[in-house]
Amino acid sequence: MAARPGPERAELVEMLAELTNRPASEVPERLGSMELAWLVHLVEQRYDTRLDLTDDQLAGIRTVDDAQEVFRAWLTASADG
């Protein structure tokens, strides 16, 4: 079975909409520490994994697109062994 490539951008935006209790269309692109912690938590739950990200990886996540890129890279690498 092929591994899931990681969350789509729309999925991450929906996760943030849950946190902020606003429509996905109003979710800002920039992430604060609380939003990032929420995304990490939900991605870990939904993908049944632990995101063991480095401090540099976490520091590099400033936007939804950054988060998608880092999460996908980590999930792909962990699926490859």
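Looking at this structure, I do not really get helix H1 (residues 9-20). What am I missing?
Because an α-helix packs 3.6 residues into every turn, residues spaced three or four apart end up facing the same way. Taking 1.5 Å per residue as the helical rise, H1 with its twelve residues ought to reach 16 Å, and the 17 Å between its terminal C-alpha atoms agrees with that figure. Among all positions of H1, only Glu 11, Leu 12, Val 13, Met 15, Leu 16 and Ala 17 are buried. Residues of H1 that are buried sit in contact with helix H2 (33-46) and helix H4 (64-79). Directly beyond the C-terminal end of H1, a positive phi value near 55° is found at Asn 21.

Even after reading the chapter, I still don't get the pattern of salt bridges, so can you show me in this structure?
Side-chain pairs of opposite charge can arise whenever the charged atoms involved come near each other. Tallying each qualifying case throughout the model produces six salt bridges. A salt bridge links Glu 18 to Arg 46; the nearest nitrogen and oxygen atoms lie 3.2 Å apart. Residue Glu 18 is found in helix H1, and its partner Arg 46 is found in helix H2; the two are separated by 28 residues along the sequence. Across the pair Asp 52 and Arg 50 runs a salt bridge, and its minimum N-O distance is 3.5 Å. Each member of the salt-bridge network shares a partner with another, and the members are Arg 9, Glu 29 and Asp 65.

Quick question: what am I supposed to make of the packing of H1 against H4 here?
If you want to describe how two helices pack, look at the angle between their axes and the distance between the axes. One way to put it is that H1 packs onto H4 with a least axis distance of 10 Å and a crossing angle of 120°. The orientation of H1 relative to H4 falls into the category oblique. Along this stretch, H1 crosses H4, giving a crossing that reads as right-handed. Contacts from Arg 9, Leu 12, Val 13 and Leu 16 in H1 reach Val 64, Asp 65, Ala 67, Gln 68 and Phe 71 in H4.

So what exactly am I meant to see when it comes to the nonpolar core here?
The tendency in soluble globular proteins is for nonpolar side chains to be buried as a group. Judged by nonpolar contacts, the single largest core of 22 residues is most densely connected at Leu 12, Leu 39, Val 43, Leu 51 and Phe 71. At the level of elements, H1, H2 and H4 are the ones that each hand at least two residues to this core. Sorting elements by how many residues they give to this core places H4 first, with six residues. Apart from residues lying up to four places away in sequence, Leu 39 is in contact with Leu 12, Met 15, Leu 16, Leu 31, Ala 67 and Phe 71.

What is the right way to read the packing of H1 against H2 from this model?
Where H1 contacts H2, the axes come no closer than 10 Å and their chain directions differ by 120°. Taken together, the axis directions place H1 and H2 in an arrangement best described as oblique. When you trace H1 past H2, the crossing you get is right-handed. Judged by residue contacts, Glu 11, Leu 12, Met 15, Leu 16, Glu 18 and Leu 19 of H1 engage Met 34, Glu 35, Trp 38, Leu 39, Leu 42, Val 43 and Arg 46 from H2.

What counts, and at which threshold
Residues numbered from 1 in each chain as written. Predicted model: local features only at pLDDT ≥ 70, side-chain atom pairs only at ≥ 80, totals over all residues. Heavy atoms only, no water. Helix = DSSP H or I, 4+ residues; strand = E, 2+ residues; numbered from the N terminus. Expected span 1.5 Å × (residues − 1). Buried < 20%, exposed > 50% of the residue type's maximum accessible area, 1.4 Å probe, protein only. Contact = heavy atoms within 4.5 Å. Salt bridge = Lys/Arg side-chain N within 4 Å of Asp/Glu carboxyl O. Axes fitted to C-alpha atoms, helices over the stretch in contact; angles between N-to-C directions. Parallel < 35°, antiparallel > 145°, perpendicular 65-115°, else oblique. Left-handed = near helix turned anticlockwise from the far one by under 90°. Core = buried A, V, L, I, M, F, W, Y, C linked by side-chain atoms within 4.5 Å.

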